[in-house]
Amino acid sequence: MSAPVWNNKVVKWVDDRLPVFSMLHHSAYEYPTPKNLSYMWNFGSLAGFVLVTMILTGIFLVMNYTPHTDMAFDSVERIMRDVNYGWLIRYMHVNGASMFFICVYIHIFRGLYYGSYKAPREMLWWIGILILLAMMATAFMGYVLPWGQMSFWGATVITNLFSAFPIVGEPLVHWLWGGFSIGNPTLNRFFSLHYLLPFVILGLVVLHVWALHTVRSNNPTGVEAKTPQDSIPFHPYYTIKDLFGMGIFLIFFLFFVFFAPDFFGEPDNYIPANPLVTPPHIVPEWYFLPFYAILRSIDFSIFGVPAKLLGVLAMFASIVVLFVIPWLDTSKVRSSKYRPVYKWFFLILFIDCFILGYCGKKAPDDYFMGIEGLHVIVMGQLATLYYFAHFLVVMPIVGKLERPKPLPASISESVLKGGANA
Amino acid sequence: MRKFALTAIAAAFALTAFTGTSQASGDAPVPKAQDWSWQGLFGTYDRAQLQRGFQVYKGICAGCHSLRFIAFRNLEGIGFNEDQIKAIAAEYDIEDGPNDDGDMFTRPGKPSDYFPSPFPNDKAAAASNGGSIPPDLSLMAKARMHGPDYVVALLTGYEEEAPEGFDLAEGKHYNHYFPGHQISMAPPLYDEAVEYTDGTPMTLEQHAHDVVAFLNWTAQPELEARKALGLKVLLFLIVLTAMLYAVKRKIWRDIEH
Ligand code: HEM
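Every residue gets a number counted from 1 within its own chain, in the order that chain's sequence is written. Each chain gets a letter, beginning with A, and each ligand a number, beginning with 1, in the order they are written. Local features in this predicted model are restricted to residues of pLDDT 70 or higher, and side-chain atom pairs are both shown and tallied only at a pLDDT of 80 or more, whereas totals for entire chains, interfaces and linings draw on every residue. The side-chain numbers reported here are obtained from all heavy atoms of the structure, hydrogens and water having been left aside.

### Here's the deal with the site of the ligand
Residues and elements named next belong to chain A. When at least one non-hydrogen atom of a residue lies within 4 Å of a molecule or strand, that residue is treated as near it. Residues in close proximity to the ligand total 22 residues, the closest being His-107, Ser-116, Gly-128, His-208 and Asn-218. In this structure, an oxygen atom belonging to the ligand sits 3.1 Å away from a side-chain N or O atom of Arg-110. The definition of a polar contact used here is a pair of N or O atoms within 3.5 Å, where within protein one atom must be able to donate a hydrogen and the other to accept one, and adjacent residues in sequence count solely through side-chain atom pairs. A distance of 3.0 Å separates an oxygen atom of the ligand from a polar backbone atom of Asn-218. Of all the secondary-structure elements, those providing two or more residues to the shell around the ligand are helix H3 (43-62), helix H5 (86-113), helix H6 (122-144) and helix H9 (184-215). Element by element, the count of residues in the shell around the ligand is highest for H6, at 6 residues. Class assignment of the residues belonging to the shell around the ligand gives a composition of 12 nonpolar, 9 polar and 1 charged. Every helix listed is a DSSP run of H or I at least four residues long, and every strand listed is a run of E at least two residues long, numbered separately from the N terminus. Amino acid classes used here: Ala, Val, Leu, Ile, Met, Phe, Trp, Tyr, Cys and Pro are nonpolar; Asp, Glu, Lys and Arg are charged; the rest, including Gly, are polar.

Structure below.
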């Protein structure tokens, strides 16, 4: 595509030296986007918006936060009480973390449903998973910073996981802590990394979008755009659609900030950290619950490998498996819309993740949803089993055996038939 | 759009499953939900109630519990004026120093001082309370599951005699709502525990509600400002989003999609 001609002298002067305007033009005006994207395609830009929000609110929080075990809790309370609009900044940051995960989880399930991980989008998908991992590390370390009871005990439980590894385990944990127990050095390094990682995420997002612009967006039909009629320029069509989505999203997000700011939080984190008092229930934030359930569900050893190590491996494997699904999925069809069998398995996986989340929240010997005799630990094991079976068994086999529905010849054809708005 | 709705429903379902329900520590009953003046989108604090609650805190709880995130100047938030705050602060002895001779000294409190703690340190607090430390109350209304409802239930949930067969330890008191039922705090409130001057009935129930309202204010002094700003922001966003939707419709008008 040829470079645009700039009429404004200043714009032209700058563009001749550093083609920022040409680049913007290229990636917004000229960027052809399938015309049938549903609202499921809004969550990528929403996640990007939340990332920026987190970085901005975070920078202002740091101006008043003190990373020391004796002062961290109090400094957060000073932000809440004495800093002008400190409560707003902190509540936006706190709830923003939950919003980030809501957006990204929807974004990932969207990709899973429409087969956006399949060729040629494997790299795009991988970078996405790296983003997810970096987000998890960031959120975990951020949660430690206010130095409440859950901060301290959550950090204790999670860092202790690394002691499960043979030989290197214990030294590794001490290395992570910067001492022989969780203390000031731990808080300081977590603070440092919590400031650093969001910028790593930002860099990954740049790569993610670069990859996206190379392979282009998938769409609800999973059929690549072929003719010019299939695509529309990103701007103004998707800029306005993303802006509208952002309006809806902001109403949702800010409702929590202003009217239920502690909704996603644990009351225990308003108690200052106390290494001598263990809270009765140590639960991670909601977005880690499914992984926590997988970790805990392995309560048996196999061939002498201790349960704890297996649990840790299973937890990491639950994310690592996402890297290989481009090859585990044997179907020739991308979008589950045209996969009458797989569609149902996808629904099961979706529900399965909520079941895992529920199990992560509850004590292992509680009853699952109050069902007499069905312990949370057992349900968690079944759900973990399905989680892995979905990717390792269902994906390869169903892809081979299933008879997909006929695909539309093109996006335009599917639009004209009125069937594209999934 | 249909899938969007489904996702939203699933998410709402998940949120309710994740929150509120984890009362796993079995035997303590779920506290009764109370009516509070600050509930709902338009809820605000009842200044008279907060002042009565302050009276209860000052007259009773302050003997054992600190309130270390609250300065006297903050009492403006419950409706006291500058002179009243100066007078309240002056009732307290505050340790200050060192002076030019290097000695610590006590002086009357100033509005900028924080509420002094009843005990010099945790050890002293534990020694005077049968080994248990009375926790700071500033954030209490946010630091327990069911927040204010729990604290009311706790304050009114004592039983003079432990039930038959319950092994109550020396110096402990039986409480329906405290986890494990054995609490070191003797029942702090009773009918006419403090003298109200505004004609409000001086019952245990009323005292408990008032002090908890006060503690909810100490935990969330920003609540009124937060909700007021929230209403304006949401109203603005709803209008803006509606307009964005209209623009979106217009721009997409000619696109078959
Ligand atoms: C900070 C987090 C993230 C940001 C800001 C982000 C941003 C974006 C944006 C702006 C798009 C294009 C619009 C869209 O399709 O929604 C996109 C597409 C995509 N993202 Fe992400 N993303 C993030 C995380 C992830 C994660 C964790 C994954 C997967 C594990 C992922 C996988 C994908 C895929 C496969 C696409 C192409 C989808 C398609 O066009 O069908 N992303 N991302």
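Resuming the write-up.
### Section: the nonpolar core
Definition used in this section: a nonpolar core is a set of buried Ala, Val, Leu, Ile, Met, Phe, Trp, Tyr and Cys residues joined via side-chain atoms within 4.5 Å. Buried residues are those whose accessible area, probed at 1.4 Å on protein chains only, stays under 20% of the maximum for their type, while exposed residues exceed 50% and partly exposed ones sit between those limits. Among the nonpolar cores identified, the biggest contains 136 residues, and Phe101(A), Leu112(A), Tyr387(A) and Phe391(A) are the most heavily contacted of them. In what follows, residue pairs with any heavy atoms lying within 4.5 Å of each other are defined as contacts. When sequence neighbours within four positions are dropped, the list of residues in contact with Phe101(A) reads Leu132(A), Met135(A), Met136(A), Ala139(A), Trp286(A) and Tyr287(A). Among the nonpolar cores identified, the runner-up in size contains 43 residues, and Ile60(B), Ile78(B), Ala208(B) and Phe214(B) belong to it.

### A closer look at the domain arrangement of chain B
Where each domain begins and ends follows an automated or database-derived domain assignment. Along its sequence, chain B is carved into domain 1 (31-70 + 115-221) and domain 2 (225-257). Taking only C-alpha atoms into account, the centre of domain 1 of chain B sits 44 Å from that of domain 2 of chain B.

### Brief notes about helix H11 (residues 289-297) of chain A
With respect to burial, H11(A) is a largely interior element, 8 of its 9 residues being buried. Restricting attention to buried positions, one finds in H11(A) the residues Leu289(A), Pro290(A), Phe291(A), Tyr292(A), Ala293(A), Ile294(A), Leu295(A) and Ser297(A).

### Let's talk about the UniProt feature "binding site: heme b b566" (unreviewed entry) in chain A
All names here are of chain A. Under the UniProt annotation, "binding site: heme b b566" (unreviewed entry) lies at His-107 and His-208. The greatest C-alpha distance among the annotated residues, which extend across 102 residues, is 13.1 Å, indicating that they converge on a single site. Every residue in contact with His-107, bar those within four places of it in the chain, is listed here: Phe-43, Gly-44 and His-208. For His-208, the location among the structural elements is in helix H9. We classify His-208 as buried; its relative accessible area is 17%. Here His-208 is in contact with His-107, Leu-124, Ile-127, Gly-128 and Ile-131, once residues within four sequence places are set aside. Only 3.3 Å separates the side chain of His-208 from the backbone oxygen of Leu-124, close enough to count as a polar contact. UniProt positions are given in the numbering used here, feature names are shortened, and annotations may be inferred rather than shown by experiment.

### Digging into a nonpolar patch on the surface
Residue and element names in this part refer to chain A. What makes a patch is a set of residues exposed beyond 30% relative accessible area and free of salt bridges, joined within 9 Å when like-charged and within 5 Å when nonpolar (Val, Leu, Ile, Met, Phe, Trp, Tyr). Note on areas: these come from Shrake-Rupley sampling with a 1.4 Å probe, and a residue is covered only by the protein chains present in the view. Any carboxyl oxygen of Asp or Glu that lies within 4 Å of a side-chain nitrogen of Lys or Arg is treated as forming a salt bridge with it. There is a patch of nonpolar side chains on the surface, built from Leu-392, Val-393, Ile-397 and Leu-401 and spanning about 400 Å² of accessible area. Within the secondary structure, Leu-401 is located in helix H14 (residues 376-401). Using a relative accessible area of 70% as the deciding quantity, one classes Leu-401 as exposed.

### What to know about the packing of helix H4 (residues 72-81) of chain A against H5(A)
Residues and elements named next belong to chain A. One can describe the packing of H4 onto H5 by two numbers: an axis separation of 5 Å at closest approach and a directional angle of 120 degrees. Of the residues in H5, those in contact with Val-76, Ile-79 and Met-80 of H4 are Gly-86, Trp-87, Arg-90 and Tyr-91. Residue classes in the contact of H4 with H5 are distributed as 5 nonpolar, 1 polar and 1 charged. In this description, a line fitted to the C-alpha atoms serves as the axis of each element, helices being fitted only across the stretch in contact, and the angle between N-to-C directions of two axes falls anywhere from 0 to 180 degrees.

### Brief notes about the domain arrangement of chain A
Residues and elements named next belong to chain A. With domains assigned, chain A is organised as domain 1 (30-222 + 231-282) and domain 2 (292-405). For domain 1 and domain 2, the distance between their C-alpha centres works out to 23 Å. Taken together, the contact pairs 32 residues of domain 1 with 31 residues of domain 2. A buried area of about 2800 Å², summed over both sides, lies between domain 1 and domain 2, and 71% of it is on carbon and sulfur atoms. Its largest share of buried area at the contact with domain 2, domain 1 owes to Phe-109, Tyr-113 and Lys-118, together 24% of the area lost on that side. At the boundary of domain 1 with domain 2, the tally comes to 2 salt bridges. The closest approach of N and O atoms between Lys-118 and Asp-329, which form a salt bridge, is 3.2 Å. Inspection of the domain 1/domain 2 interface yields 13 residue pairs in polar contact (both at pLDDT 80 or more). Those elements that place two or more of their residues in the side of domain 1 that touches domain 2 are H5, H6 and helix H7 (149-161). By residue number, the principal contributor to the side of domain 1 that touches domain 2 is H6, which donates 7 residues. Of the residues belonging to the side of domain 1 that touches domain 2, the class tally is 21 nonpolar, 7 polar and 4 charged. Summed over both partners, the accessible surface that disappears when two parts come together, traced with a 1.4 Å probe, is what is meant by buried area.

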